[in-house]
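# Structure at a glance
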Amino acid sequence: MTAIALTIAGSDSGGGAGIQADLKTFSALGVYGTSVLTAVTAQNTRGVTAIENLSPGIVRAQIDAVLSDIDVKAIKIGMVSTPEAIETIAASLQHWGRRAVLDPVMVATSGDRLLQPEAVEALRQLLLPLAVVVTPNLPEAALLTGQPIADGEAQMARQAELLLALGPSAVLIKGGHSKGEYSTDLLFDGVTMQRFSHPRIATSHDHGTGCTLAAAMTAGLAKGSDLHDAAEQAKDYLTAAMAAAGNLRVGQGRGPVHHFYRWWPTAQPS
């Protein structure tokens, strides 16, 4: 049986995040990728210069086209900028009886805002309850919970509990924005708090890390892994992709992680 995943997200013209990162991750992990485009961004390693959101009608049509024909095993939601898009996606998932990995993409690595302020409450009310797992970084978790940015694992754990109360089946709070020798993520399912920790990688090649981690979790779920195994495998994959990212020569800003490090590990000739 072919493992198939669907990503619902925006396009990154620079190729390091969004739909492009998700499809690369699916492919690298042996999963066939399908996609629903929510927005087009003019973006490179230095920032986002323009965003054009697609109409709710075409977003819904794409979801219906994929799910009516293709046996999708797992779904990931990334960039959804507007309340209208969020309402459409939530209604579509409910129509098809599906839940999703939700990466609440709010701000790009460059610092550019990707989620309209008025869409935050729609995301909180409509998409969080449909999430198999929600995967915020520390600033996103703070915004969703109305708390200060977590300083340490105790505060991360508390915010995971607050987020779980909003309806998702599980919460993975990512510690990449924290300080210290190790980058630690916490996965909470209401019963256990699982800790994933790796030595922090000093690199400027971190564009698309959040997209990649959530997509890797989605790929694991599509292949039949349980949530805890999918999270552990995703953390390992992202760590390796970041460690190898220095072998890429892409752009003049914050470069992408190396999704295909297993196949072309060294820099390609210019």
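In short, a report on the structure.

Reading the values: rules and limits
- Residues numbered from 1 in each chain as written.
- Predicted model: local features only at pLDDT ≥ 70, side-chain atom pairs only at ≥ 80, totals over all residues.
- Heavy atoms only, no water.
- Helix = DSSP H or I, 4+ residues; strand = E, 2+ residues; numbered from the N terminus.
- Expected span 1.5 Å × (residues − 1).
- Contact = heavy atoms within 4.5 Å.
- Polar contact = N/O pair within 3.5 Å; in protein donor to acceptor, adjacent residues only side chain to side chain.
- Salt bridge = Lys/Arg side-chain N within 4 Å of Asp/Glu carboxyl O.
- Buried < 20%, exposed > 50% of the residue type's maximum accessible area, 1.4 Å probe, protein only.

### As for helix H8 (residues 227-243)
With 17 residues, H8 extends 24 Å between its outermost C-alpha atoms, agreeing within 8% with the 24 Å of an ideal straight helix rising 1.5 Å per residue. The inward-facing, buried residues of H8 contact helix H1 (18-28), strand E6 (131-134), strand E8 (182-188), strand E9 (193-199) and helix H7 (209-222). Where H8 begins, one side-chain oxygen reaches toward the backbone nitrogen of His 228, 3.2 Å away; that side chain belongs to Asp 226.

### A word on the pattern of salt bridges
Inspection of every chain in the model, using the stated rule, returns 9 salt bridges. Two residues, Glu 121 and Arg 124, come together in a salt bridge whose shortest N-O distance is 2.2 Å. You can see Glu 121 and its partner Arg 124 sitting in helix H4 (residues 120-127), 3 residues apart, about one turn around the helix. You can call Arg 124 buried: its relative accessible area is 17%. Across the pair Arg 158 and Glu 161 runs a salt bridge, and its minimum N-O distance is 3.4 Å. Residue Arg 158 and its partner Glu 161 are both found in helix H6 (residues 153-164); the two are separated by 3 residues, about one turn of the helix.

### Here we look at the environment of Leu 163
Looking at where Leu 163 falls in the secondary structure, it is placed in helix H6. Taking the C-alpha atoms as reference points, Leu 163 and Thr 25, separated by 138 residues in sequence, lie 26 Å from one another. Other than its neighbours up to four places away in sequence, Leu 163 contacts Pro 136, Ala 141, Leu 144, Thr 145, Pro 168, Val 171 and Ile 173.

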